[in-house]
Amino acid sequence: MAIQQQHSDYDVFAAFCPSRNVFAELADKWSLLLLLSLHKLGEQRFSELQRSVTGVSRKMLTQTLRELERSGLVRRTVHPETPPRVVYGLLSLGHSLAERLVPVAEWVEEHSGSVLEARAAFDESRCPCATD
């Protein structure tokens, strides 16, 4: 039996609210990147996902896909072929989240240079280096 509470029943700022745990798990770097990749490229096999999200290890990819599947965001489909073909795709809940992530990813790509410059300036201002 599925229990669905109203949006107002959850508060990510409340220390013991279950939504905080959901927020933390979904805000993970690999989760966000996999959701964006599946949204942009559609269904993908494991190896295709690993190529599209470079740097993710097989172990982390497996764990993250399993958690996204458990959370109702990703569907794992095994096609009865020889050898079996397994593909991952977004469910409607995953599409809903990924659509909201696209503008964030676009913002990051557009403003990364400014953020990196700000970090360098900050780090330089905090440098304990002696000037002669």
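How each quantity is defined
Residues numbered from 1 in each chain as written. Predicted model: local features only at pLDDT ≥ 70, side-chain atom pairs only at ≥ 80, totals over all residues. Heavy atoms only, no water. Helix = DSSP H or I, 4+ residues; strand = E, 2+ residues; numbered from the N terminus. Rg over C-alpha atoms; globule rule 2.2 N^0.38 Å. Buried < 20%, exposed > 50% of the residue type's maximum accessible area, 1.4 Å probe, protein only. Contact = heavy atoms within 4.5 Å. Lys, Arg positive; Asp, Glu negative; His and termini not counted. Charge placed at Lys NZ, Arg CZ, Asp CG, Glu CD. Salt bridge = Lys/Arg side-chain N within 4 Å of Asp/Glu carboxyl O. Expected span 1.5 Å × (residues − 1). Arc of directions from axis to C-beta. Pairing = 2+ DSSP bridges.

Caption draft 1: Focus on the overall build of the protein. Of regular secondary structure, the protein possesses 5 helices and 3 strands. When the helices and strands of the protein are placed in sequence order, the string is α-α-β-α-α-β-β-α. By the compact-globule yardstick of 14 Å for 132 residues, the protein is too spread out, its C-alpha radius of gyration being 19 Å. In terms of overall dimensions, the protein has C-alpha extents of about 70 × 40 × 25 Å along its principal axes. For the protein, the residues scored as buried account for 21% of the 132 residues in total. Here the contacts in the protein between residues at least 6 apart in sequence split such that 44% fall between residues at least 24 apart. The protein carries 15 positive and 17 negative side-chain charges, and their two centres are separated by 10 Å.

Caption draft 2: Expanded view of the pattern of salt bridges. For the structure on display, the rule yields 3 salt bridges. In this structure, Glu43 and Arg75 form a salt bridge, with 2.7 Å as the shortest nitrogen-oxygen distance. A residue pair is termed long-range when its members are at least 10 positions apart, and Glu43 in the loop between helix H2 (29–41) and strand S1 (44–45) and Arg75 in strand S2 (residues 74–79) qualify at 32 residues. Here Arg75 falls in the partly exposed class, since its relative accessible area comes to 30%. Between Arg85 and Glu81 there is a salt bridge, with the nearest N and O atoms lying 3.4 Å from each other. Since its relative accessible area comes to 38%, Glu81 is described here as partly exposed.

Caption draft 3: Broad picture of helix H4 (residues 58–70). In a regular helix each residue adds 1.5 Å, so 13 residues correspond to 18 Å; H4 covers 18 Å between its end C-alpha atoms and thus fits that length. Of the residues making up H4, those classed as buried are Leu61, Thr64, Leu65 and Leu68. In an axial view of H4, the angular spread of the buried residues amounts to 100 degrees, which keeps them on one side of the axis. For H4, the exposed residues set more than 90 degrees away from the buried face come down to Lys59, Arg66 and Arg70. Buried residues belonging to H4 abut helix H1 (18–26), H2, helix H3 (46–52), S2 and strand S3 (85–90).

Caption draft 4: A look at the sheet that holds S1. The strand order S1-S3-S2 describes an open sheet built from 3 strands, whose pairing is antiparallel. Two strands in the sheet have a free side with no partner beyond their single neighbour: S1 and S2. As judged from the 6 bridges shared by S2 and S3, these two strands associate in the antiparallel manner. Note that in S3 the partner of Thr77 across the bridge is Val87.

Caption draft 5: Region of interest: the pairing of S3. Of the strand pairs in this sheet, S1 and S3 are connected by 2 bridges, and their pairing is antiparallel. Each residue of the ladder has a partner; that of Arg45, found in S3, is Val87. Here S2 folds back onto S3, and the loop between the two strands holds 5 residues.

Caption draft 6: Just the side chain of Ser37, in detail. Examined against the element boundaries, Ser37 turns out to sit in helix H2. Exposure remark for Ser37: the relative accessible area of 8% places this residue in the buried category.

Bear in mind that shape data such as this cannot, by itself, settle questions of function.
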